[in-house]
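Listed below, chain by chain, are the residues.
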Amino acid sequence: RQLAPSMPSGYEAFGSAVALQGTTAAVGAPDHTEWVEGSLSGGAVYVFDLALPEPEWPPQMETHLLLGSRRNDSGKLGWSVALDGATLLAGAPGLDAAQPMAGAALVFTQIGDSWSHTATIEATDGVMYSMFGYSVDLSSGVAVVGSPEDSLGIDPSGEDAVGLTGSVYLAD
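Values in this document were obtained by computation on a predicted structure and should not be read as measured data.

### Brief notes about the nonpolar core
Inference 1: The biggest cluster of nonpolar side chains holds 17 residues, and the ones touching the most others in it are Val45, Leu88 and Phe108.
Inference 2: Every element with two or more residues in this core is listed here: strand E2 (17-21), strand E6 (44-49), strand E9 (80-84), strand E10 (87-92) and strand E11 (104-111).
Inference 3: Look past the residues within four positions of Phe108 in its chain and what remains in contact with it is Leu66, Leu67, Leu77, Ala86, Thr87, Leu88, Ala90, Trp115, Ser116, His117 and Thr118.
Inference 4: If you look at the next biggest cluster of nonpolar residues, it comprises 12 residues, including Ala82, Leu89, Ala105 and Ile121.

Structure (structure tokens):
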């Protein structure tokens, strides 16, 4: 069985991240762009219902296309994805959060047949260019979010005291 976007735009990196929970598959496309409400979307997550009958041709198309509510074209939503029951967590490591390109992880919840953006998780320290959301996982209501370019121990002058060590955050 092959999964594909219904409106492929090319160069969207479809399949960069994948997650499977029961009959739901989530596929990240961090380079997906389209104009939405006057701004470019910065990545997307495609959701597929694998319980649907397999089409002969074309490949199976998504049932939902998820975009973040805060957009910038370098957000990279879908760089990482995780599923836990009716909750989907998607990393957007290039999203402008507290600082430029600090990153975020977006929570989407399935209610009935629809998915809604219900929360945004950001790093508590919001370090610029930390790539928060580069990796994500989700289990029993606890989100784990990687931030590989995070700097620890910022000194009062604003210079890195420890350097780009990276860190991992937990959120529930």
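Once you've had a look at it, read on.
### Considering a nonpolar patch on the surface
Inference 1: Residues Val142, Val144, Val168 and Leu170 make up a contiguous nonpolar surface patch of roughly 340 Å² in combined accessible area.
Inference 2: Those elements giving two or more residues to the nonpolar patch turn out to be strand E14 (142-147) and strand E15 (167-171).
Inference 3: With respect to the helices, strands and loops of the structure, Val168 is situated in strand E15.
Inference 4: Relative accessible area serves as the criterion here: at 57%, Val168 is assigned to the exposed category.

### A word on the environment of Pro55
Inference 1: If you trace the backbone, Pro55 turns up in the loop between E6 and strand E7 (60-61).
Inference 2: The spatial distance from the C-alpha of Pro55 to the C-alpha of Gln2 is 9.5 Å, given a sequence separation of 53 residues.

### So, the side chain of Glu62
Inference 1: Tracing the sequence through the fold places Glu62 in the loop between E7 and strand E8 (64-66).
Inference 2: Buried and unpaired, Glu62 has no salt bridge, with Arg1 as the nearest side chain of opposite charge at 13 Å.
Inference 3: Polar contacts involving the side chain of Glu62 include one to the side chain of Ser6, which spans 2.6 Å.
Inference 4: Residue contacts for Glu62: discarding those within four places in its chain leaves Ala4, Pro5, Ser6, Tyr46, Val47 and Phe48.

### Describing the sheet that holds E6
What links the strands of a sheet is backbone hydrogen bonding, and the strands pair in either a parallel or an antiparallel sense.
Inference 1: Overall, antiparallel pairing links the 4 strands, which are arranged E2-E3-E6-E8 in an open sheet. Looking at strand neighbours, the two that pair on one side only are E2 and E8, the edges of this open sheet. Strand after strand, the sheet turns through a mean of 20° between neighbouring axes, direction not considered.
Inference 2: Looking at chain direction, E6 and E8 are connected through 3 bridges and run antiparallel. Within the sheet, the bridge partner assigned to Val45 lies in E8 and is Leu66.

So, how was this worked out
Residues numbered from 1 in each chain as written. Predicted model: local features only at pLDDT ≥ 70, side-chain atom pairs only at ≥ 80, totals over all residues. Heavy atoms only, no water. Core = buried A, V, L, I, M, F, W, Y, C linked by side-chain atoms within 4.5 Å. Buried < 20%, exposed > 50% of the residue type's maximum accessible area, 1.4 Å probe, protein only. Helix = DSSP H or I, 4+ residues; strand = E, 2+ residues; numbered from the N terminus. Contact = heavy atoms within 4.5 Å. Patch = residues over 30% accessible without salt bridge, like charges linked within 9 Å, V, L, I, M, F, W, Y side chains within 5 Å. Areas by Shrake-Rupley, 256 points an atom, 1.4 Å probe, with all protein chains shown as cover. Salt bridge = Lys/Arg side-chain N within 4 Å of Asp/Glu carboxyl O. Lys, Arg positive; Asp, Glu negative; His and termini not counted. Polar contact = N/O pair within 3.5 Å; in protein donor to acceptor, adjacent residues only side chain to side chain. Pairing = 2+ DSSP bridges. Axes fitted to C-alpha atoms, helices over the stretch in contact; angles between N-to-C directions.

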